[in-house]
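Architecture and fold: a report
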Amino acid sequence: MSAPLYLLERLTVRHAGAASAPALHAIDLAIAPGEQLALIGPSGAGKTTLLATLACNHQPQSDDGGRYTAFGADPWALDNAARHRLRARLFLAPQTPPLPPRQRVVTAVLAARLPHWSLWRALRSLVKPVEPEAAYRALARFNLGDKLYSRVDRLSGGERQRCGLARLMLSDAQALLVDEPLSALDPALSQLTLSTLQQEARERNAALVCSLHQVELALANFPRIVALKQGSIAFDLPREQVTEAMIAELYLGEQPPANAPSLHESAEKLAIGACL
Ligand SMILES: Nc1ncnc2c1ncn2[C@@H]1O[C@H](COP(=O)(O)OP(=O)(O)OP(=O)(O)O)[C@@H](O)[C@H]1O
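Remember, predicted model here, so these are calculated numbers, not experimental data.

The relative placement of two packed helices comes down to the angle between their axes together with the axis-to-axis distance. Here helix α6 (residues 157-170) crosses helix α7 (residues 187-203) at 10°, and the two axes come no closer than 11 Å. By the criterion of interaxial angle, the relationship of α6 to α7 is roughly parallel. For the pair α6 and α7, the contacting residues are Gly158, Arg162, Leu165 and Met169 in the first and Leu189, Thr193, Leu197 and Glu200 in the second.

Right, let's get into unusual backbone geometry. The phi angle at Arg10 is positive, at roughly 45°, despite the residue not being glycine. Structurally, the position occupied by Arg10 is in strand β1 (residues 6-13). By C-beta crowding, Arg10 is classed as partly exposed, having 14 other C-beta atoms within 10 Å. Within the chain, Asn205 stands out as a residue other than glycine whose phi angle is a positive 50°.

Our focus in this paragraph is the domain arrangement of the protein chain. Assigned domains of the protein chain: these are domain 1 (1-89 + 174-185 + 204-276) and domain 2 (95-172). Taken residue by residue, the interface counts eight residues in domain 1 and seven residues in domain 2. Its residues assigned to classes, the side of domain 1 that touches domain 2 shows five nonpolar, one polar and two charged.

Taken together, the three strands give an open sheet; going across it, the order is β2-β1-β4, and neighbouring strands pair in antiparallel fashion. The sheet terminates laterally at β2 (24-31) and β4 (67-70), the two strands that pair on one side only. Here the strands of the sheet are splayed against their neighbours by 25° on average, with no regard to which way each runs. Sheet topology places β1 next to β2; five bridges connect them, and they run antiparallel. Pairing of Tyr6 across the sheet is with Ile31, part of β2.

Turning next to the nonpolar core. Core analysis: the largest hydrophobic core is formed by 78 residues, its most contacted members being Val109, Leu176, Leu177 and Val209. Of the residues forming this core, the biggest block, six residues, is contributed by α6. Excluding anything up to four places from it in sequence, Val109 contacts Ala135, Ala138, Leu139, Cys163, Ala166, Arg167 and Leu170.

The rules behind these values
- Residues numbered from 1 in each chain as written.
- Predicted model: local features only at pLDDT ≥ 70, side-chain atom pairs only at ≥ 80, totals over all residues.
- Axes fitted to C-alpha atoms, helices over the stretch in contact; angles between N-to-C directions.
- Helix = DSSP H or I, 4+ residues; strand = E, 2+ residues; numbered from the N terminus.
- Parallel < 35°, antiparallel > 145°, perpendicular 65-115°, else oblique.
- Contact = placed C-beta atoms within 7 Å.
- Buried ≥ 20, exposed ≤ 12 C-beta atoms within 10 Å, placed from the backbone.
- Domains from an automatic or database assignment.
- Nonpolar A, V, L, I, M, F, W, Y, C, P; charged D, E, K, R; others polar.
- Pairing = 2+ DSSP bridges.
- Core = buried A, V, L, I, M, F, W, Y, C linked by C-beta atoms within 7 Å.

Pasting the structure below:
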């Protein structure tokens, strides 16, 4: 078995300035290269914090005996330059991508290439995009090719979201960290988006970690389900072993997710999943 891409042992993460309980508490998680897993759990469970921690954006608490390695190194023991190089090996797609509103879509998508370009090429691309075909191909995979030269602030919420994911396609990342990519998408686009992300991850043997509120889609598409509740891992299981009772327990006391599967649907989906 290959060495894990990520290894988290009893990891605790507290947001800067947050005096209350840590956002993540004693997390144990190993993620192998090429692995695809869905993060589920109620609002505030810590999904975004975990993704940001995997993206080396949050420094875990070091006084708790926890351990964290990404790509075989402790990112927080590296100097800034080395940590920067490590970050270039992963890509975090936030739920609301930080796209400059006045930019053309083509320029915003090509920004994913910046770490690989010289300063001169980067400046030139701001005036006239240097690889528009690459941006077009990435956008077309999300059904967005016709928006290549649109301004970012003219896009709908769902188009912006997919534009952020098209950026991911142009990165060379080996860890694809995606936060609620479907929150602004209709069912058909949701399925297309998930399939595209999963195919891309498979083709480059990258790990894909995707937080989802759509439990049904998580169970139907991801082989491994990691459930978070109140900052801890509630379960980490192959989807075939996730039962409706576990899902009900996970969301106990919460509003049920809009599309949580019924028992009948769930069994059917799990059976389908088991055959894939
Ligand atoms: N910048 C911050 N400063 C302080 N606390 C924060 C910050 N961001 C998140 N938190 C807290 O950390 C906890 C985990 O939040 P997080 O955003 O990771 O949850 P989530 O599972 O992604 O939620 P959602 O599904 O609503 O996006 C919550 O209690 C939240 O209030």
